[in-house]
Amino acid sequence: MRFAIECHLWYFPPPDAVQRMASYCAENGEPDQSWPYFSLDGVTPFDAVKWERMRSKWTHVHGLTNVWQEPPVHGVERVKNGEGYLHANQKPLRLMELQVLATTDAGDVVWEPFGGLCSASYAAAKLGRRGFAAELYEAYYEAAVRRLRDGLAAWRQGKGIKAA
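In short, a report on the structure.

What counts and how
- Residues numbered from 1 in each chain as written.
- Predicted model: local features only at pLDDT ≥ 70, side-chain atom pairs only at ≥ 80, totals over all residues.
- Heavy atoms only, no water.
- Patch = residues over 30% accessible without salt bridge, like charges linked within 9 Å, V, L, I, M, F, W, Y side chains within 5 Å.
- Areas by Shrake-Rupley, 256 points an atom, 1.4 Å probe, with all protein chains shown as cover.
- Salt bridge = Lys/Arg side-chain N within 4 Å of Asp/Glu carboxyl O.
- Buried < 20%, exposed > 50% of the residue type's maximum accessible area, 1.4 Å probe, protein only.
- Helix = DSSP H or I, 4+ residues; strand = E, 2+ residues; numbered from the N terminus.
- Axes fitted to C-alpha atoms, helices over the stretch in contact; angles between N-to-C directions.
- Parallel < 35°, antiparallel > 145°, perpendicular 65-115°, else oblique.
- Left-handed = near helix turned anticlockwise from the far one by under 90°.
- Contact = heavy atoms within 4.5 Å.
- Expected span 1.5 Å × (residues − 1).
- Arc of directions from axis to C-beta.
- Right-handed = clockwise from strand over helix to strand, strands pointing away.

**What about a nonpolar patch on the surface?**
There is a patch of nonpolar side chains on the surface, built from Val-109, Trp-111 and Phe-132 and spanning about 330 Å² of accessible area. Note on Val-109: relative accessible area 43%, which makes it partly exposed.

Printed below as a string of structure tokens:
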């Protein structure tokens, strides 16, 4: 659901805002409407408590939207094999860090079902979250294990953090 703003930016609206929109539509909408304007199941009218429970976490940082652009990964961050780039769609760590910071709290679990090179798990570990991933392609899996082991060890050493 796009919250009512006047630009290309959007966010998941808070329950009180959705409640106001639902009430407005119910009061001012078509009089013969046979279903609620706002409903999670098409039958039951809007319930702010249920809406709050299904909302994703979102930590809003003033001046930072949820529309992000990061350039493709090149240089030292890029995982390569002998022939070039190992994974054609390697995610930038900065992008993964933004997502993890915006949608989780310290100690939360970050699940990466199609791990690839495990950029989200790497970002999660750096930010004090518990990253878990799955990857079927053996070359990606092996590279991800090396990346997590070596990259996080170097990061911890540079930050003076002991491995858990």
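**Comments concerning unusual backbone geometry**
The backbone phi angle of Cys-118 is positive, close to 60°, even though this residue is not glycine. Among the secondary structure elements, Cys-118 is positioned in the loop between β3 (109–112) and α4 (119–126).

**Details of the packing of α4 against helix α5 (residues 138–159)**
Between α4 and α5, the least distance of the axes is 11 Å, while the angle of their chain directions is 30°. The angle between α4 and α5 falls in the class roughly parallel. In the crossing of α4 with α5, the sense of the turn from one axis to the other is right-handed. Of the residues in α5, those in contact with Ser-119, Ser-121, Tyr-122, Ala-125 and Lys-126 of α4 are Arg-147, Leu-148, Gly-151, Leu-152 and Trp-155.

**Examining α5**
Across its 22 residues, α5 extends 31 Å between first and last C-alpha, which sits within 8% of the 32 Å expected from 1.5 Å per residue. Within α5, the full set of buried residues consists of Tyr-140, Ala-143, Ala-144, Arg-147, Gly-151 and Leu-152. Mapping the buried residues of α5 onto a view down its axis gives an arc of 135°, with all of them on the same face. Within α5, the exposed residues directed more than 90 degrees away from the buried face are Glu-138 and Gln-157.

**Re the pattern of salt bridges**
One pass over the structure, following the stated rule, counts five salt bridges. Residues Asp-108 and Lys-57 are paired through a salt bridge, measuring 2.5 Å at the closest nitrogen-oxygen approach. In this pair, Asp-108 sits in the loop between α3 (93–103) and β3 while Lys-57 sits in the loop between α2 (48–54) and β1 (80–81), placing the two residues 51 residues apart along the sequence. When its relative accessible area of 39% is taken as the criterion, Lys-57 is described as partly exposed. We note a salt bridge from Asp-150 to Arg-149, for which the minimum N-O separation is 2.9 Å.

**Details of the pairing of β3**
Residues Val-110 and Glu-112 of β3 are buried on one face, while the alternating residues Val-109 and Trp-111, pointing to the opposite face, are not. Regarding the hand of the β-α-β motif, the stretch spanning β3, α4 and strand β4 (residues 130–133) is right-handed.

**Considerations on α4**
The element α4 is largely enclosed, with a buried count of six among its eight residues. Close packing links the buried residues of α4 with α3, β3, β4 and α5. Positioned one or two residues after α4, Gly-128 has a phi angle of 80°, which is positive.

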